[in-house]
Amino acid sequence: MQLIDGKVVSKAVKEEIAAQVRQMISEGKKRPHLAAILVGHDGGSETYVAGKVKDCEDCGFTSTLIRFENDVTEETLLAEVEKLNKNEDVDGFIVQLPLPKQISEQKIIEAIDYRKDVDGFNPVNVGRVSLGLPAFVSATPDGILELIKRYKIETAGKHVVVIGRSNIVGKPVANLLMQKGYPGNATVTVVHSFSKDIKEQCLTADIIICALGKPGFLKADMVKDGVVVIDVGTTRVPSDKTKSGFKLMGDVAFDEVAPKCSYITPVPGGVGLMTRVSLMKNTLLAGSKAIY
Ligand code: GUN
């Protein structure tokens, strides 16, 4: 069993990005610039955005944080999105989710110019990904693919079972793995809460991507020997052993599943770290106008 180490890979990718930024600067080009809109003071969102700002520093990007209070109107937020769409100095930007209930997240996502949508949430990017066209791929699916590539895991002709059909993980990762090329050319099955044969499907899987948000869902009796397991779960559960008062739990019963695996991602230290780095990859692509 080999552990897929998100810490090592994310550090390597970040260093590669920083080297490319140094190269851009030496050629007289401008630093990539990521802006983030943060509404309110939700602890989780504050932590995520602080991490993104720190990642920008590490990569040599410029970053701008724009804050609004929880009672901001949809109109004000849309006006800010429009301002960033037009701001030529900003290469890409994100609006941290979730948003307060008076604001339609979908409306905001659709208002972001797809050429600056480094989250890859705008329907233009989602559609282009599903067509196999160059686009901003959203962070979690991109992070999963990066890990598969870095560990040279074969996907052609393999049976991939994706557990979960969310718009941000299950659907796009299934789509990407069935595209022509590498990583891709896989036979992909998506199972979800209405599926009657999850265990049977998993037992025939060469690769399982677990993204349903139920701690410890995937058990040893659901996987075959030599399987590759990618755990996308990050459920926060209360813990008296950590400073923060919670710990992250994956969707995989790691201790019993790991001995049967050829490769497995840990939680924490697996996919989660890669999602942060994928946003930086997209910002570099936006800054170098490599896609649009
Ligand atoms: N909230 C949790 N994850 C994300 C993300 O990847 N992007 C944005 N914009 N909000 C999030």
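Before any of the text, the structure's been laid out above.
Residues numbered from 1 in each chain as written. Predicted model: local features only at pLDDT ≥ 70, side-chain atom pairs only at ≥ 80, totals over all residues. Heavy atoms only, no water.

(A) Main features of empty space enclosed by the protein. Inspection of every chain in the model, using the stated rule, returns 2 cavities of 30 Å³ or more. Taken as a whole, the largest cavity spans an internal volume of roughly 60 Å³. Taken together, Ile94, Val95, Leu97, Ile108, Ile109, Ile112, Asp117, Asp119, Phe121 and Asn122 make up the full set of residues lining the largest cavity. Residue assignment for the lining of the largest cavity shows that the elements contributing at least two residues are strand 4 (92–95) and helix 4 (105–111). Classifying every residue of the lining of the largest cavity gives 7 nonpolar, 1 polar and 2 charged. Taken as a whole, the second largest cavity holds about 40 Å³ of empty space. Together, Leu34, Ala35, Ala36, Val49, Lys52, Val53, Cys56, Ser63 and Thr64 line the second largest cavity. Sorting the residues of the lining of the second largest cavity by element identifies strand 2 (33–39), helix 2 (43–59) and strand 3 (62–68) as the ones contributing at least two each. Ranked by residues supplied to the lining of the second largest cavity, first place goes to helix 2 with 4 residues. Tallied by class, the residues present in the lining of the second largest cavity amount to 6 nonpolar, 2 polar and 1 charged. (1 Å grid on protein atoms, 1.4 Å probe; cavity = no way out; pocket = protein on both sides within 12 Å on 5 of 7 lines; lining within 4 Å. Points joined across faces, edges and corners; volume = space filled by probe spheres on them. Helix = DSSP H or I, 4+ residues; strand = E, 2+ residues; numbered from the N terminus. Nonpolar A, V, L, I, M, F, W, Y, C, P; charged D, E, K, R; others polar.)

(B) Highlighting helix 6 (residues 139–150). For helix 6, which comprises 12 residues, the first-to-last C-alpha distance of 16 Å matches the rise-based estimate of 16 Å (1.5 Å per residue) to within 8%. Most of helix 6 is tucked away, with 10 of its 12 residues classed as buried. The complete set of buried residues in helix 6 reads Ala139, Thr140, Pro141, Asp142, Gly143, Ile144, Leu145, Glu146, Leu147 and Ile148. Where helix 6 is buried, its residues meet helix 1 (6–26), helix 7 (170–177), strand 7 (207–210), strand 8 (227–231) and helix 10 (271–287). Looking one or two residues past helix 6, Lys152 carries a phi angle of roughly 50 degrees, positive in sign. (Expected span 1.5 Å × (residues − 1). Buried < 20%, exposed > 50% of the residue type's maximum accessible area, 1.4 Å probe, protein only. Contact = heavy atoms within 4.5 Å.)

(C) Geometry of the sheet that holds strand 6 (residues 187–191). One open sheet accounts for 6 strands, arranged 1-11-8-7-5-6; its pairing is parallel. The open sheet has two edge strands, strand 1 (2–3) and strand 6, and neither has a second partner. Across 4 bridges, strand 5 (residues 159–163) lies against strand 7 in parallel orientation. Looking at strand 7, one finds that Val160 is bridged to Ile207. Across the sheet, helix 7 is in contact with strand 5, strand 6 and strand 7; its angle to strand 5 comes to roughly 170 degrees. (Pairing = 2+ DSSP bridges. Axes fitted to C-alpha atoms, helices over the stretch in contact; angles between N-to-C directions.)

(D) Structural context of the site of the ligand. The ligand sits among Lys52, Val95, Gln96, Leu97, Asp119 and Phe121. Between the ligand and Val95 there is a distance of 2.8 Å, counted from a nitrogen atom to a backbone nitrogen or oxygen. Leu97 is positioned such that a nitrogen or oxygen atom in its backbone is 2.9 Å from a nitrogen atom of the ligand. When the free accessible area of the ligand is taken as 280 Å², the share hidden by the protein chains comes to 75%. (Near = heavy atom within 4 Å. Polar contact = N/O pair within 3.5 Å; in protein donor to acceptor, adjacent residues only side chain to side chain. Areas by Shrake-Rupley, 256 points an atom, 1.4 Å probe, with all protein chains shown as cover.)

(E) How the structure looks around unusual backbone geometry. Note the cis peptide between Leu97 and Pro98, where omega equals 0 degrees. Residue Lys152 is not a glycine yet carries a positive backbone phi of 50 degrees. Inspection of the secondary structure puts Lys152 in the loop between helix 6 and strand 5. Judged by relative accessible area, which is 71%, Lys152 ranks as exposed. Positive phi, normally seen in glycine, also occurs at Lys289, with a value near 50 degrees.

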